[in-house]
Amino acid sequence: MSIYDVFSGGSRAFNKEEWAAAKQEQRKEAYELIDNTCSEMMADGGAFQQYLDVQGHFDRYSVNNAILVSAQMPEATQLKDYGSWKQSRVYVDKDAQKVTILEPGKEYQRDDGSKAVGYNAKVVYDVSQTSAKDRQQPQEQKTMRELVSAMIDASPVSFVPVDDLELPAFYDSSQQTIFIRTGLNEEQLFVSMAKEVSAAVFDFKHKESRDDSDFKSFCVAYMVSSRYGVDTKGFKFDKLPKEFEGMETQAFKGELGSMRDVLGEIQSDMYKSLEKNKPPKSKEQER
């Protein structure tokens, strides 16, 4: 029985037990979908890349919720529940596609005495499934110069230009410096910087060596680049590294979680930089 069935019984009284059972089944299905999608992501580079696209866009979403969105509606851009859309005077289409995510519930105590938070299933809808689908404001595009400047501000270490560097950029952990090859165009510069800044954050803040975080830094650079509309044709995810093959689901999600943490740190610092350096609005724009 679905949640809808519990509430659509006409003259039937609300049945708390049926409601709780339906919610529990919905939560169980969400976790099963997460596990199945993780298995698919570990075996299929396309599915993994699709998850990265979603996590890059919804950078504040948990790994579990990014996986759920990726599995159900990877093209989503703005998700809210029915009540939140209604408060904004936006109406959900009658046949709207539902997306199930998880939200924190009550805190509880485990058998070993430690505390944990339970999660409940929640249905949300993308803006494309609402009356606001034709009213979306185009996202303000940032120039490559603005993005490069913001990435510099997001780095925990300094940059040094080098004429004869073999790689476009390289983070040297022993010197806590990112070396940049001179002569790169702004797009090459941003993508190269994004990967090495990620490596620096993994090393500098999370104590994870550059070699150990190499693929994860590559993934973070892809997420940052795709979020800002930077050309990502140089990123390939045909096959994941061997260490990801056959990895336990929890361990795999742990790796995704560390990517999300570094992504969040870089995105936050870049956002602050972009806001700080935003040109003042003209009188015409303020009207």
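Refer to the structure above for everything that follows.
All figures in this text were calculated on a predicted structure; none of them were measured in a lab.

Rules used throughout
- Residues numbered from 1 in each chain as written.
- Predicted model: local features only at pLDDT ≥ 70, side-chain atom pairs only at ≥ 80, totals over all residues.
- Heavy atoms only, no water.
- Helix = DSSP H or I, 4+ residues; strand = E, 2+ residues; numbered from the N terminus.
- Contact = heavy atoms within 4.5 Å.
- 1 Å grid on protein atoms, 1.4 Å probe; cavity = no way out; pocket = protein on both sides within 12 Å on 5 of 7 lines; lining within 4 Å.
- Points joined across faces, edges and corners; volume = space filled by probe spheres on them.
- Nonpolar A, V, L, I, M, F, W, Y, C, P; charged D, E, K, R; others polar.
- Pairing = 2+ DSSP bridges.
- Axes fitted to C-alpha atoms, helices over the stretch in contact; angles between N-to-C directions.
- Core = buried A, V, L, I, M, F, W, Y, C linked by side-chain atoms within 4.5 Å.
- Buried < 20%, exposed > 50% of the residue type's maximum accessible area, 1.4 Å probe, protein only.
- Salt bridge = Lys/Arg side-chain N within 4 Å of Asp/Glu carboxyl O.

(A) Structural detail: the side chain of Gln 55. Here Gln 55 lies in helix H3 (residues 45–57). Not counting residues up to four positions away in its chain, the partners in contact with Gln 55 are Tyr 61, Ser 62, Val 63, Ala 66, Met 223, Arg 260 and Leu 263.

(B) Inspection of the layout of surface pockets at higher detail. Put simply, the largest pocket is a space of about 1200 Å³. Around the largest pocket, the lining comprises 31 residues; the ones closest to its centre are His 57, Asp 59, Gln 139, Arg 227 and Tyr 271. Sorting elements by how many residues they give to the lining of the largest pocket places helix H9 (residues 249–276) first, with six residues. In terms of residue class, the lining of the largest pocket is built from ten nonpolar, twelve polar and nine charged.

(C) View of the sheet that holds strand E4 (residues 158–162). Taken together, the three strands give an open sheet; going across it, the order is E4-E6-E5, and neighbouring strands pair in mixed fashion. Looking at which strands have only one partner, the edges of the open sheet turn out to be E4 and strand E5 (169–172). Adjacent strand axes in the sheet meet at a mean angle of 25° when their direction is disregarded. Inspection of the sheet shows E5 paired to strand E6 (residues 177–181) by four bridges, in the antiparallel sense. Residue pairing in the sheet places Ala 169 in a bridge with Ile 180 of E6. Sheet strands in contact with helix H7 (residues 186–206) are E4, E5 and E6, and its direction is about 15° off that of E5.

(D) How the structure looks around the sheet that holds strand E3 (residues 115–126). Taken in spatial order, the three strands line up as E1-E3-E2 in an open sheet, and their pairing is antiparallel. Strands with a single pairing partner mark the edges of an open sheet, and in this sheet they are strand E1 (79–80) and strand E2 (99–109). Direction of pairing for E1 relative to E3: antiparallel, over a ladder of two bridges. Considered in E3, the bridge of Lys 80 is made with Tyr 125. Along the sheet face, helix H4 (residues 63–72) touches E1 and E2 and points at about 155° away from the line of E2.

(E) Up close: the nonpolar core. Residues Phe 48, Phe 252, Ile 266 and Met 270 are the most contacted members of the largest nonpolar core, which totals 67 residues. It is H7 that provides the largest number of residues to this core, a total of nine residues. Excluding residues within four positions of it along the chain, Met 270 makes contact with Leu 147, Ala 150, Met 151, Ala 154, Phe 190, Val 224 and Tyr 228. In this structure, Val 90, Val 92, Tyr 125 and Val 127 belong to the second largest nonpolar core, which totals seven residues.

(F) Representation of the pattern of salt bridges within the structure. As enumerated under the stated definition, the model contains 14 salt bridges in all. For Arg 227, the salt bridge identified is with Asp 59, shortest N-O distance 3.1 Å. With Arg 227 in helix H8 (residues 214–227) and Asp 59 in the loop between H3 and H4, the pair connects residues that are 168 residues apart, well separated along the chain. Here Arg 227 falls in the partly exposed class, since its relative accessible area comes to 29%. A salt bridge links Lys 122 to Asp 81, with the shortest nitrogen-to-oxygen separation between them at 3.5 Å. Here Lys 122 is found in strand E3, whereas its partner Asp 81 is found in the loop between E1 and helix H5 (82–87), with 41 residues between them in sequence. On the basis of relative accessibility, which here comes to 23%, the residue Lys 122 falls in the partly exposed class.

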